[in-house]
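Now for the letters of each chain:
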Amino acid sequence: ANPASPDPVRHESSRLRAVVSVSGPSDFTSGFYKHNPAVSAHGSPVWAYFGISNQQQWDAIPQSTKQAASPRWLASDSAILLNKNVSVLCVHEGNPSVVAATELPLPVTNVHDLVQGMLMTERLQTIGNQDATLWIGASIEDPLGSYYPGAIIADWFRVRFDTNRL
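The rules we used
The residue numbering used here restarts from 1 in each chain and proceeds along that chain's sequence as written. A pLDDT threshold of at least 70 governs which residues receive local features in this predicted model, and a stricter bar of 80 or more applies before side-chain atom pairs are shown or counted, although totals over entire chains, interfaces and linings include all residues. Note that water and hydrogens are dropped before the side-chain values are worked out from all heavy atoms of the structure. Note on classification: 1.4 Å probe, protein chains only; a residue is buried when its accessible area is under 20% of the maximum for its type, exposed when over 50%, partly exposed between these limits. For helices the rule is a DSSP run of H or I covering at least 4 residues; for strands it is a run of E covering at least 2, with both sets numbered from the N terminus onward. Criterion used throughout: strands pair if DSSP finds at least two bridges between them. Throughout, right-handed denotes a crossover for which the path from the first strand over the helix to the second runs clockwise when the strands point away from the viewer. Under this scheme, a helix contributes an axis fitted over its contacting stretch, all axes are lines through C-alpha atoms, and angles between N-to-C directions fall in the 0 to 180 degree range. A contact between two residues is defined here by any heavy atoms of the two lying within 4.5 Å.

Draft legend 1. Structural view of the pairing of strand S2 (residues 87-93). The buried fraction of S2 amounts to 6 of the 7 residues, a majority that puts the element mostly inside the structure. Bridge analysis of strand S1 (residues 18-22) against S2 gives 5 bridges, and the strand direction is parallel. Each residue of the ladder has a partner; that of Val-19, found in S2, is Val-88. Of the strand pairs in this sheet, S2 and strand S3 (residues 132-137) are connected by 6 bridges, and their pairing is parallel. In the strand pairing of S3, His-92 is matched with Ile-136. Note that the unit made of S2, helix H6 (residues 114-126) and S3 has a crossover that is right-handed.

Rendered as structure tokens:
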């Protein structure tokens, strides 16, 4: 970062400050990301994250790269010092009365399952993260018919990063 720079990008640090996961997967190395035309004609949304469009390109990405890009990397032992100060919001559909991963059935095969968000949040809190939040609630339908907690996310960011409050 260069605080003296008039360029807004160069002025800010490139250090990760916040992560939002909406029913997000915990691990990009999972076989879940193999292309399944019955699910999507265009491949996994994670493929777009990596800028690829076919199974051959996905298979060519080293497992170590997929692991480092996986949300679970935030809570890995090698990343504790880097990420214990990152604000994290995990948003999942489910019963809000659940307060611990031990209340949920294991094992699960769905990389988007609520227990994944619960385990991630608990691990981040264990390593000393003071701003790892898990929001659990009923699904909200948007006009396209998908789960959409946009207002929650916008408010979460506003509370943490509203420059007018600094």
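After that view of the structure, there is still more to cover.
Draft legend 2. Fine view of the sheet that holds S1. With parallel pairing, the 3 strands of this open sheet are ordered in space as S1-S2-S3. Edge strands, defined here as strands with exactly one partner in the open sheet, are S1 and S3. The sheet shows a mean angle of 10° between the axes of neighbouring strands, direction not considered. Sheet strands in contact with H6 are S2 and S3, and its direction is about 155° off that of S3. Strand contacts of helix H7 (residues 150-161): S1, S2 and S3, with the helix running at about 170° to S1, the strand carrying the most contacts.

Draft legend 3. Seen up close, the environment of Glu-103. For Glu-103, the location among the structural elements is in the loop between S2 and H6. Note on Glu-103: relative accessible area 45%, which makes it partly exposed. Considered as a pair, Glu-103 and Val-115 are 12 residues apart in the sequence and their alpha carbons are 9.0 Å apart. Sequence-distant contacts of Glu-103, defined by excluding residues within four places in its chain, comprise Ser-97 and Val-98.

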